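Structural features, examined
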Amino acid sequence: MPQSVKLSDEIMALVRHEADIHSRSVAGQITHWLKIGRAIEHSGSFDHAKITAALEGARDTTELSSEEEALWLDSFVTQMAEPSDSEQAFFAKRRKLGQGVGLDAGGNLCFAKDDDAA
């Protein structure tokens, strides 16, 4: 059941900023941080900087502990689930030009429907 929680304006500004960067909702960002905090409390070998580096492609995921890898995977899946503004703009341009916008289950190029191109 949803619960209301009062947070300072400064905390909410941080949450919104990080949520935008990682393509999460505000609730999703808070939930993500709660998972990280819990993992840190339960693991003396947890290093969030390593997870961030892996998300940025600056560190190989094989260098993460199992706890770090689980949080990396959660963050990765969340980021991949939502297209970025630049990805949305890219595919909007392709739809407008009548170019392919993806692949179907059989690996065939898909084109935008007429009602999607508007």
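Residues numbered from 1 in each chain as written. Predicted model: local features only at pLDDT ≥ 70, side-chain atom pairs only at ≥ 80, totals over all residues. Heavy atoms only, no water.

Re the overall build of the protein
Helices and strands together make up the secondary structure of the protein, namely five helices and two strands. Starting at the N terminus and ending at the C terminus, the protein contains elements arranged as α-α-α-α-α-β-β. Relative to its length of 118 residues, the protein is extended, with a C-alpha radius of gyration of 19 Å against a globular reference of 13 Å. Seen through its principal axes, the protein has C-alpha atoms that stretch 55 × 40 × 30 Å. Burial status across the protein gives 19% buried among its 118 residues. Look at the contacts in the protein between residues 6 or more apart in sequence, and 19% of them connect residues 24 or more apart. For the protein, the accessible area works out to roughly 8800 Å², and carbon and sulfur atoms hold 55% of it. Charge centroids of the protein, computed over 12 positive and 20 negative side chains, lie 5 Å from each other. (Helix = DSSP H or I, 4+ residues; strand = E, 2+ residues; numbered from the N terminus. Rg over C-alpha atoms; globule rule 2.2 N^0.38 Å. Buried < 20%, exposed > 50% of the residue type's maximum accessible area, 1.4 Å probe, protein only. Contact = heavy atoms within 4.5 Å. Areas by Shrake-Rupley, 256 points an atom, 1.4 Å probe, with all protein chains shown as cover. Lys, Arg positive; Asp, Glu negative; His and termini not counted. Charge placed at Lys NZ, Arg CZ, Asp CG, Glu CD.)

Thoughts on a nonpolar patch on the surface
Residues Val-5, Leu-7, Ile-11, Leu-14 and Trp-33 make up a contiguous nonpolar surface patch of about 450 Å² in total accessible area. Here Trp-33 is to be found in helix 2 (residues 26-42). A relative accessible area of 34% means that Trp-33 is categorised as partly exposed. (Patch = residues over 30% accessible without salt bridge, like charges linked within 9 Å, V, L, I, M, F, W, Y side chains within 5 Å. Salt bridge = Lys/Arg side-chain N within 4 Å of Asp/Glu carboxyl O.)

Let's talk about the confidence of the model for the protein
Taken as a whole, the protein shows an average pLDDT of 83; of its residues, 92% reach a score of 70 or greater. Predicted confidence in the protein is weakest over helix 3 (residues 48-55), with a mean pLDDT of 82, and strongest over helix 1 (residues 9-21), with 91. (pLDDT = per-residue confidence, 0-100.)

Some thoughts on the environment of Asn-108
With respect to the secondary-structure elements, Asn-108 resides in the loop between strand 1 (100-103) and strand 2 (109-111). For Asn-108, a relative accessible area of 46% gives the class partly exposed. Each C-alpha atom of the pair Asn-108 and Arg-59 lies 34 Å from the other, and the pair is 49 residues apart in sequence. Residue contacts for Asn-108: discarding those within four places in its chain leaves Gly-102 and Leu-103.

Re the packing of helix 3 against helix 4 (residues 66-81)
Between two packed helices, both the angle of their axes relative to each other and the distance between the axes serve to describe the pair. Viewed as axis vectors pointing N to C, helix 3 and helix 4 meet at an angle of 40°, and their least axial separation amounts to 10 Å. Taken together, the axes of helix 3 and helix 4 lie oblique to each other. Judged by the sense of rotation from one axis to the other, the crossing of helix 3 with helix 4 is right-handed. The residues of helix 4 that touch helix 3, namely those facing Lys-50, Ile-51, Ala-54 and Leu-55, are Glu-68, Leu-71, Trp-72, Ser-75, Phe-76 and Gln-79. Split by residue class, the contact of helix 3 with helix 4 holds six nonpolar, two polar and two charged. (Axes fitted to C-alpha atoms, helices over the stretch in contact; angles between N-to-C directions. Parallel < 35°, antiparallel > 145°, perpendicular 65-115°, else oblique. Left-handed = near helix turned anticlockwise from the far one by under 90°. Nonpolar A, V, L, I, M, F, W, Y, C, P; charged D, E, K, R; others polar.)

Describing the nonpolar core
Burial of nonpolar side chains together is a common tendency in soluble globular proteins. One finds Ile-36, Ala-39, Ile-51, Ala-54, Leu-64, Leu-71 and Trp-72 forming the largest nonpolar core, which totals seven residues. Of all the secondary-structure elements, those providing two or more residues to this core are helix 2, helix 3 and helix 4. Once residues within four sequence positions are removed from consideration, Ala-54 is found in contact with Arg-59, Thr-61, Leu-64 and Trp-72. (Core = buried A, V, L, I, M, F, W, Y, C linked by side-chain atoms within 4.5 Å.)

Overview of the environment of Ser-84
Position of Ser-84 among the secondary structure elements: in the loop between helix 4 and helix 5 (85-96). Since its relative accessible area comes to 27%, Ser-84 is described here as partly exposed. When the C-alpha positions of Ser-84 and Lys-96 are compared, they lie 18 Å apart, and in sequence the two are 12 residues distant. Polar side-chain contacts of Ser-84 include one of 3.1 Å to the side chain of Ser-86. (Polar contact = N/O pair within 3.5 Å; in protein donor to acceptor, adjacent residues only side chain to side chain.)

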